Amino acid sequence: MTPDQAIWASLPVPAFIIDPQDRIADVNSAGEGFLNASRKAVLGHPVWDQIAADAPIEEAFERARSNGTPLFVNDVDVGSGQRAPLQCALQIAPLLGQPGSMIMIISPRELAGRMTQSHTVKSAAQSAIGMAEMLAHEIKNPLAGITGAAQLLSMNIAPQDIELTDLIVEESRRIVKLLEQVEQFGNLSLPDFRPVNIHDVLDRARRSALLGFGAHMTIIEDYDPSLPLAFGDPDQLLQVVLNLLRNASEAAGGDGGTIHLRTYFEHSFRLRRSDGSGHSLPLQIEIIDDGPGLPEDISADIFDPFVSGRENGTGLGLALVSKIVSDHDGWISVDSVPGRTVFRLSLRRVPRDYEQEETT
Ligand SMILES: Nc1ncnc2c1ncn2[C@@H]1O[C@H](COP(=O)(O)OP(=O)(O)O)[C@@H](O)[C@H]1O
Ligand SMILES: [Mg+2]
């Protein structure tokens, strides 16, 4: 055994060499274990038939190949057809000296990355939300009582104490607002799917932002006019865009900033599930701001409920976004550095058989 072969055989994590045609050119013994198949049985087979990742990585993989750059993908569920999917990180790099060939190492999830995905709202998060909904419901009534009592009190007390009853009323109002956001989750119904002109949704969101929370922002449209209709619930998608615009406006601070709304079509963008099924998500909507970027300490968790980087934040805005996008079978990702934060929403187009369904 040459030292190279020894290294390859001893690597404790599944590793694959992928040829320029996306076939498995080699696999180490940990990889054989991962696939539960012998090297001989998988050599020459298309890699994406053997390894199913719950993330649209093929496109990023292609880009890494053509740019000759490495690619790291965190938090993907990787399955192999037979076994239940595992949450993994993928490390992919061009193979030196063999143009077009790539090496891919699969390791169980450790580090959180910049690309945060949220296809499944995690079950812990789900039950946290369920609990909070119940509490929200229980707290609202007594809170209304407290507010009412404080308002009554304020009619009969010395002027210097009014400040105190005002405080009670104001703080209660803040709690009610939080509770209402929590309740939004419970009230969220499944999307009422129909063909949606995403540019109409963006326009509505833009106008409403400029009249309210985003009055200090400049919002620039950069639309692909030939974009086909999306398939989704227009009201829920409006909610998604509004939440993203609100966050961008809040991140910008008082001096304002610029938000670009960009749409484009990307034919090759697919969502692959760990069970091997998949569908295409060719409609891309990007909300790009020039603010300070995600706070580093929470950047991996921003789609989780109650994670907020703002004073007075609830951390529910992006959790709701994540829930809606996941109900839409869509995808949302974020890429953020100071000065440029991009939230990218990927959606389905109207299925071919949709009109038939309507008319029959
Ligand atoms: N465009 C953005 N730029 C910078 N930080 C952002 C942006 N969008 C979201 N964030 C960060 O993510 C956190 C979570 O957002 P969200 O779930 O909407 O909760 P909230 O807005 O109530 O804090 C925000 O508090 C903020 O720190
Ligand atoms: Mg928010």
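Each value, and the rule that gives it
Position numbers for residues start from 1 in each chain and track the written sequence from start to end. As they are written, the chains are lettered A onward and the ligands numbered 1 onward, keeping that order. Local features in this predicted model are restricted to residues of pLDDT 70 or higher, and side-chain atom pairs are both shown and tallied only at a pLDDT of 80 or more, whereas totals for entire chains, interfaces and linings draw on every residue. Heavy atoms throughout the structure, all of them, feed into the side-chain values; hydrogens and water do not. The numbering of helices and of strands both runs from the N terminus, where a helix is a DSSP run of H or I of at least 4 residues and a strand a run of E of at least 2. Burial classification: accessible surface area is computed with a 1.4 Å probe over protein chains only, and a residue below 20% of its type maximum counts as buried, one above 50% as exposed, and the rest as partly exposed. Whether two residues are in contact is decided by their heavy atoms, any of which lying within 4.5 Å being enough. Each accessible area is a Shrake-Rupley result for a 1.4 Å probe, and residues are judged covered by the shown protein chains and nothing else. Asp and Glu count as negative and Lys and Arg as positive, but His and the ends of the chain are not part of the count. For the purpose of locating charges, the reference atoms are NZ of Lys, CZ of Arg, CG of Asp and CD of Glu. Residues are labelled near a given molecule or strand when at least one of their non-hydrogen atoms is within 4 Å of it. Counting of polar contacts relies on pairs of N or O atoms within 3.5 Å, with two restrictions inside protein: one atom must be capable of donating a hydrogen and the other of accepting it, and residues adjacent in sequence are counted only when both atoms are side-chain atoms. Note that Gly is not counted as nonpolar here; it falls among the polar residues with everything else outside the nonpolar set of Ala, Val, Leu, Ile, Met, Phe, Trp, Tyr, Cys and Pro and the charged set of Asp, Glu, Lys and Arg. At least two DSSP bridges between two strands are needed for those strands to be called paired. Fitting a line to C-alpha atoms yields each axis, with helices limited to the stretch in contact; the angle taken between N-to-C directions then spans 0 to 180 degrees. Geometry of aromatic contacts follows a simple scheme: Phe, Tyr and Trp rings, the Trp one being its six-membered ring, pair when their centres are within 6.5 Å, and the pair is stacked under 30 degrees between planes, edge-to-face over 60, tilted otherwise. Whether a charge sits over a ring depends on NZ of Lys or CZ of Arg being within 6 Å of the ring centre and within 35 degrees of the ring normal. For classification purposes, an angle smaller than 35 degrees is called roughly parallel, one larger than 145 roughly antiparallel, one from 65 to 115 roughly perpendicular, and anything else oblique.

(A) Examining the overall build of the protein chain more closely. For the protein chain, the count of helices and strands is 11 helices and 15 strands. For the protein chain, the spread of C-alpha atoms along the principal axes amounts to about 90 × 45 × 45 Å. In the protein chain, which comprises 360 residues, the proportion classed as buried is 43%. Considering only residue pairs separated by 6 or more positions, the protein chain has 66% of its internal contacts joining residues 24 or more positions apart. For the protein chain, the computed accessible surface area is about 18800 Å², with 53% contributed by carbon and sulfur atoms. Each charge sign in the protein chain was given a centre, from 29 positive and 49 negative side chains, and these centres are 5 Å apart.

(B) Fine view of the side chain of Asn243. Take Asn243: it is sitting in helix α9 (residues 234-252). Asn243 has contacts with Gly317, Leu320 and Val321, leaving out every residue within four places of it along the chain.

(C) Quick look at the environment of Gln184. Turning to its location among the elements, Gln184 is positioned in helix α7 (residues 162-187). By relative accessible area, which is 32% here, Gln184 ends up partly exposed. Between the C-alpha atom of Gln184 and that of Ser226, which follows or precedes it by 42 residues, the distance is 34 Å. The contacts of Gln184, once residues within four sequence positions are left out, are Gln239 and Leu320.

(D) Inspection of the site of ligand 1 at higher detail. Every one of the 22 residues lining ligand 1 counts as a neighbour, but Asp289, Ser308, Gly309, Thr314 and Leu318 are closest to it. Here an oxygen atom of ligand 1 and a backbone polar atom of Gly309 are 2.7 Å apart. Within the backbone of Gly317, an N or O atom sits 3.4 Å from an oxygen atom of ligand 1. Taking 540 Å² as the accessible area of ligand 1 by itself, protein coverage stands at 95%. Those elements giving two or more residues to the shell around ligand 1 turn out to be α9, α10 (317-327) and β15 (340-347). Broken down by class, the residue content of the shell around ligand 1 amounts to 10 nonpolar, nine polar and three charged.

(E) Local environment of the sheet that holds strand β13 (residues 283-289). Spatial strand order, β8-β10-β13-β15-β14: five strands in an open sheet with mixed pairing. Because the sheet does not close on itself, it has two edges, and the strands there are β8 (217-222) and β14 (331-337). Between one strand and the next, the sheet's axes are offset by a mean angle of 15°, whatever the strand orientation. Taken together, the six bridges between β8 and strand β10 (residues 257-265) define a ladder with parallel strand orientation. Bridge pairing in β10 links Glu221 to Leu261. Of the strands in this sheet, β8, β10, β13, β14 and β15 are in contact with α9, which crosses β10 at around 145°.

(F) Quick peek at the pairing of β14. In terms of residue burial, β14 counts as a mostly covered element, since five of its seven residues are buried. Where β14 meets β15, seven bridges bridge the pair, whose relative direction is antiparallel. When the sheet's bridge partners are listed, Ile332 is paired in β15 with Leu345. Count of turn residues in the β14/β15 antiparallel hairpin: two residues, of which Gly339 carries a positive phi of about 95°.

(G) Seen up close, the packing of aromatic side chains. Evaluated as defined, the whole model comprises four aromatic pairs. Ring geometry for Phe231 and Tyr354: centres 5.1 Å apart, planes at 70°, overall edge-to-face. Of the two residues, Phe231 is situated in strand β9 (residues 230-232) and Tyr354 in helix α11 (residues 354-359); the sequence distance between them amounts to 123 residues. Overall, the relative accessible area of 8% leaves Phe231 in the buried class. Following the ring pairs from residue to residue traces out a cluster consisting of Phe193, Phe231 and Tyr354. Seen from the ring of Tyr264, Arg262 lies directly overhead, with NZ or CZ sitting 4.1 Å from the centre.

(H) Region of the structure containing the packing of α7 against α10. As a packed pair, α7 and α10 sit with axes 11 Å apart at the nearest point and diverge in direction by 10°. The angle between α7 and α10 places the two elements in the roughly parallel class. Mapping the contact onto sequence places Gln181, Gln184 and Phe185 in α7 and Gly317, Ala319, Leu320 and Lys323 in α10. When the residues that make up the contact of α7 with α10 are grouped by side-chain class, the tally is three nonpolar, three polar and one charged.

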